[in-house]
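If you want the building blocks of each chain, they are given just below.
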Amino acid sequence: MSARSGIVLSAFERYRALVDDWAAFAAAVVRPQPHALRANRLRVAPEELRGRLEARGFRLAPYPWAPEVMRVEGGPCPPGSTFEHWLGLFYLQEAAAAVPVVALDPQPGERILDLSAAPGGKSTQIAERVGPSGLVVANEADPARAGWLLANLGRMGVASAVVTVCDGRRFPAGLAFDRALVDAPCSGEGNVRRDPRPRRPPRADRLRRLASLQEALLRRALALVRPGGVVVYSTCTFAPEEDEAVVDAVLRAAGGAVEAEPLPQALPGVEGAGGWDGVAFLPEVRRARRIYPHHLDSGGMFLARLRLRAPVPWAEEATPPPEEAPDEAAGREVRAWMEESFGIPAEAFEGLHVYRSGERTWLSTLPRLPLWPERWAAGLPLAHWTGRHWWPSGFALHRVGRLARRQVVDLEPAALRALLEGQAVPPGPPHASGPAGEPLRRGLVIVRYAGAGLGLARYDGDLLHAAFARERARQLLGCLEQPGGMPR
Ligand code: SAM
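Okay, so let's go over this structure.

Calculation criteria
Residues numbered from 1 in each chain as written. Predicted model: local features only at pLDDT ≥ 70, side-chain atom pairs only at ≥ 80, totals over all residues. Heavy atoms only, no water. Helix = DSSP H or I, 4+ residues; strand = E, 2+ residues; numbered from the N terminus. Buried < 20%, exposed > 50% of the residue type's maximum accessible area, 1.4 Å probe, protein only. Contact = heavy atoms within 4.5 Å. Near = heavy atom within 4 Å. Polar contact = N/O pair within 3.5 Å; in protein donor to acceptor, adjacent residues only side chain to side chain. Areas by Shrake-Rupley, 256 points an atom, 1.4 Å probe, with all protein chains shown as cover. Nonpolar A, V, L, I, M, F, W, Y, C, P; charged D, E, K, R; others polar. Pairing = 2+ DSSP bridges. Axes fitted to C-alpha atoms, helices over the stretch in contact; angles between N-to-C directions. Phe/Tyr/Trp six-rings, centres within 6.5 Å; stacked < 30°, edge-to-face > 60°. Lys NZ or Arg CZ within 6 Å of the ring centre and 35° of its normal. Core = buried A, V, L, I, M, F, W, Y, C linked by side-chain atoms within 4.5 Å.

Considering the arrangement of structural elements, one finds L282 in the loop between β13 (279-280) and β14 (289-291). Residue L282 is classed as partly exposed on the basis of its relative accessible area of 22%. Residues L282 and D248 lie 34 residues apart in sequence; the distance between their C-alpha atoms is 6.2 Å. Not counting residues up to four positions away in its chain, the partners in contact with L282 are D248, L251 and R252.

A few words on helix α13 (residues 413-420). Those residues of α13 not exposed but buried are P413, L416, A418, L419 and L420. Buried-residue contacts for α13 involve β24 (443-449), β25 (452-459), β26 (464-466) and α14 (470-481). G422 sits one or two positions beyond α13 and adopts a positive phi of about 100°.

In the vicinity of the ligand, 22 residues are found, and the nearest of them are E140, R145, D167, G168 and D183. Contacts to the ligand include P119, whose backbone N or O atom sits 3.4 Å from an oxygen atom. If the ligand stood free it would expose 600 Å²; the protein chains cover 85% of that surface. Of all the elements in the fold, those that place two or more residues in the shell around the ligand are α6 (121-130), β6 (135-140) and α8 (204-224). Classifying every residue of the shell around the ligand gives ten nonpolar, five polar and seven charged.

Moving on: the sheet that holds β25. Here four strands make up an open sheet; going across it, the order is β23-β24-β25-β26 and the pairing mixed. Either end of the sheet is taken by a strand with one partner, and the two such strands are β23 (408-410) and β26. When the angles between neighbouring strand axes are averaged without regard to direction, this sheet yields 40°. In this sheet, β26 lies alongside β25 in antiparallel orientation, the contact comprising three bridges. Looking across to β26, one finds that A457 is bridged to A466.

Moving on, we come to the packing of aromatic side chains. The tally for this structure, following the rule as stated, stands at 17 aromatic pairs. The interplanar angle of 40° and the centroid separation of 5.8 Å between the aromatic rings of F238 and Y292 together place this pair among those described as tilted. Of the two residues, F238 is situated in the loop between β9 (225-235) and α9 (244-254) and Y292 in the loop between β14 and α10 (293-296); the sequence distance between them amounts to 54 residues. Judged by centre distance (5.6 Å) and plane angle (90°), the rings of W337 and F342 are edge-to-face. The pair formed by W337 and F342 is uniform in burial state, with each residue classed as buried. The positively charged end of R219 is found above the aromatic ring belonging to W314, 4.1 Å away from the centroid. The side chain of R472 reaches across the aromatic face of W86, ending 4.0 Å from its centre.

So, on to the nonpolar core. Nonpolar side chains tend to gather and get buried jointly when the protein is soluble and globular. In terms of nonpolar packing, the biggest core is built from 101 residues, with W65 and L222 touching the most fellow members. No other element matches the eight residues that α8 contributes to this core. Apart from the residues within four sequence positions on either side, L222 is in contact with V231, V250, V258, L306, L308, V312 and W314. Formed by 38 residues, the second largest nonpolar core is a distinct cluster that contains V409, L411, L420 and V447.

Next up, the structure:
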């Protein structure tokens, strides 16, 4: 064993008696972690994505318990630097991190709360499972992290989510969710392979603080789901103080209103600890699952699935939140502007409703949305009003830009790269399917690549100038610079 391996392992020595195979655990935690990805079934069939990436030299192996989750066994560049990732055809998610939502088992049309959601790996996974008629409420306490959450939901094209920003311990009651996920803030020991700095076991006072926050979040989630509903509690840490002990304390406080359910055998991992530090947990706590890095050659995870038999003693009476209806007038206006400006037909918005808050409009698959003061986003950003005209979001263009029939240019990699680097580039011929002979007008133009709408440029009558969101342009340039990053 190297000196570095010894330092990393010593932080986990206290779990030796819990771990099913210490030698395999010890070998895994000091090995680099392979990438894994989850195909976004809102956008692409997993097999199609696999074919597309394998044609460029990636090697992918689906996991049997969720074939949309695939281990990346090799490839010409990091999978996060591909056009498919940029476009939201997949989410880079550790295999172990995909298991809690599989255990939550969201069903089409259900209302699901993700109480501590940023950066959104699990919210986007839930959205795909509930489909267009389900509602995902993705909540996050930290406004900066809520920005990432919004960006990931947008990139993945999720139009069935609302984002709220509040302390999950005080999330407003009244909606009676079908299921909730508490993917709790934790000491993160299971991420050791991604962050292999020497570490110490978490200090007792930190563990106490985290456990108290985790318990409060779990209790809140249980007060927010309907009787018969399900709550999955998960962390990415090995510490039983943050895992089984939290579940045990909440089950005891619930006095029989909540039961820990067995998880499907097909899911990876080993049963929960029976006790810790001389204290025995309730026998049903063993139904939880511990996933160690050697189980999936991934990170570490803990999860427990709880079923609400009756309202928990701490649930309060509450009236449902007010409901908001789509803004039909704003919807007509933006759709007409998109048709007039880019020839995007009204059918592109079929099954989608337009909501407006101030200068911003959103696309949602839902005909009504809960309206909490804590709400930040009402779906997929559609367009905002600049004072003179609408400005469509890049995420909306990913969805509808392929249908544009005018003011659209399809660029080759070299021209796209030059544009993103800040150069003015000639537009090339207007798109062939545009109205015959209609030349580009000065003004906004949709830029496409490989048939997908990427973002906007301004045409000055001679040359195109990029008008992409800066960070998105930087990321796309990164894909263009990688061998195998772009489809040709
Ligand atoms: N589920 C996310 C995913 O899969 O991408 C990861 C969630 S991360 C483990 C925990 C999140 O909880 C962090 O983004 C953190 O900012 C947030 N958080 C911390 N305290 C919170 C609180 N009191 N209420 C809600 N969220 C909180």
